[in-house]
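Structural overview for review
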Amino acid sequence: MKLKFIILVSAALIALPSFSQKKKNSKAESEASRIIEFSNSVIKMGNSNNEIFGTYQQLLQTADNNAERLSKNPNLQPFYVNCKGIPARAEQVAAYKTALKSVQNFPEKADIEKYVETGNNHMNSLSQWCASISSYFADKQYQSDTDFAKYSSMRDSLIYYLDLSCANWRSASAQASAAGNRAELLLLEGSKIASFVIPMKTDLNSLDKIFGMFDSQQLDIQAVRSELEQLTASIEKNKDTSTKDLSKLKDIYYKEVYQTFYRKCGEAAKALQSLTERIEDASDADLLNRWFGSANSHYSEAVQKYNLFISQ
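Presented here is an overview of the structure given in this document. The structure displayed is predicted, hence computed values, not measured ones.

A water-sized probe, rolled over the atoms, reveals where empty space remains. Here the structure, examined in full by the defined rule, presents 1 cavity of 30 Å³ or more. By volume, the largest cavity amounts to about 30 Å³. Tyr-56, Leu-59, Leu-60, Val-81, Cys-130, Ile-133 and Leu-158 together form the lining of the largest cavity. Within the residue set of the lining of the largest cavity, elements represented by two or more residues are helix 1 (27-72) and helix 3 (109-138). Among the elements that line the lining of the largest cavity, the one with the most residues is helix 1, at 3 residues. Of the residues assigned to the lining of the largest cavity, the class counts are 7 nonpolar, no polar and no charged.

Written out as structure tokens, the structure reads:
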């Protein structure tokens, strides 16, 4: 089925935690660390870009409000469409280029480079169309565009490049996340608390995969339900600390962190389950997005607890 509501995909894009529990001596460990560094640079840019996309959506709303008001009374003062307020990403772009030079080839690398380059090109076009819309109102071009046909054309172009930019950056972040997750699991194998962190990371990856399934033109509800069922069973199994050697933890405090992590994973899974039960009736997009937002909030808290746990 095709989604009839907007999924806030940007909220699900979370930077991979850095793994620094021990010195990376082997070639495989060094390469895994470079992949994680590169993946993080892509994900951080993706997260920043999603905030920028949100800003463009707000600017578009301002422009639409202008068009509506001015179509009724062209003598009104239009609101300023401030495209110059878009934040710069120079430091993040520099970090990405540095990481790209040092990282070795891996399966997703070429695709990530392609998505990043294409996404950036579309963002340049997005910026240009935003500037055109800003000038349209600032220079009062609407006074000679009585039916707002010129504005409608510029608006369509901005939305076109916004959609393309979003799609490319989602793909770049998803590919980077997949590569980084795989590399991190390799590093986690050498940890003294591997029996804790590998199940945690595996379940977190499963949850992330389910979030990604909602970012689809054809959402497979049955597949989502199947993944949620498997994840729920895994959470129930792995949250049990009675089978764990707690003496390996740096402090007993981390037992609580571990338990909180799994509580948040469980809450995220329950929220997604509630969403799947209501998704076939997509008439209330706001309600569906609230369920998705609730799930993502729990997921974000689980990521924070995971990062805290592996820092010991």
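Next comes the rest of the description.
Turning our attention to the state of the cysteines. All told, the structure shown has 1 disulfide when counted by the stated rule. Residue Cys-83 pairs covalently with Cys-130 via a disulfide, S to S 2.0 Å. A torsion of -85 degrees about the S-S bond marks the disulfide between Cys-83 and Cys-130 as left-handed. Highlighted residues: Cys-83 in the loop between helix 1 and helix 2 (90-102) and Cys-130 in helix 3, separated in sequence by 47 residues. Each of the two residues, Cys-83 as well as Cys-130, counts as buried. In this model Cys-166 remains outside any disulfide bridge; the closest cysteine sulfur is found in Cys-130, 14 Å from its own.

Packing of helix 6 (residues 221-238) against helix 7 (residues 253-278) leaves a shortest axis separation of 10 Å and a crossing angle of 160 degrees. By the angle class used here, helix 6 and helix 7 are roughly antiparallel. Helix 6 and helix 7 meet at a crossing whose hand is left-handed. For the pair helix 6 and helix 7, the contacting residues are Ile-221, Val-224, Arg-225, Leu-228, Leu-231, Thr-232, Ile-235 and Asn-238 in the first and Tyr-258, Tyr-262, Cys-265, Gly-266, Ala-269, Leu-272, Gln-273 and Thr-276 in the second. A breakdown of the residues in the contact of helix 6 with helix 7 according to their chemical character gives 10 nonpolar, 5 polar and 1 charged.

What follows concerns the pattern of salt bridges. Once their charged atoms are close, side chains differing in charge can pair, the charge on each being opposite to the other. Applying the stated criterion across every chain yields a total of 9 salt bridges. Among the salt bridges present, the one from Lys-72 reaches Glu-68, with a minimum N-O distance of 3.9 Å. A residue pair is termed a helical-turn pair when its members lie 3 or 4 positions apart in one helix, as Lys-72 and Glu-68 do in helix 1 at 4 residues. Lys-72 gets classed as exposed once you look at its relative accessible area, which sits at 66%. When its relative accessible area of 45% is taken as the criterion, Glu-68 is described as partly exposed. Note that Lys-209 is salt-bridged to Glu-227, the shortest N-O span being 3.1 Å.

Procedures and definitions
Residues numbered from 1 in each chain as written. Predicted model: local features only at pLDDT ≥ 70, side-chain atom pairs only at ≥ 80, totals over all residues. Heavy atoms only, no water. 1 Å grid on protein atoms, 1.4 Å probe; cavity = no way out; pocket = protein on both sides within 12 Å on 5 of 7 lines; lining within 4 Å. Points joined across faces, edges and corners; volume = space filled by probe spheres on them. Helix = DSSP H or I, 4+ residues; strand = E, 2+ residues; numbered from the N terminus. Nonpolar A, V, L, I, M, F, W, Y, C, P; charged D, E, K, R; others polar. Disulfide = S-S within 2.5 Å. Buried < 20%, exposed > 50% of the residue type's maximum accessible area, 1.4 Å probe, protein only. Axes fitted to C-alpha atoms, helices over the stretch in contact; angles between N-to-C directions. Parallel < 35°, antiparallel > 145°, perpendicular 65-115°, else oblique. Left-handed = near helix turned anticlockwise from the far one by under 90°. Contact = heavy atoms within 4.5 Å. Salt bridge = Lys/Arg side-chain N within 4 Å of Asp/Glu carboxyl O.

Purely geometric numbers; function is a separate question.
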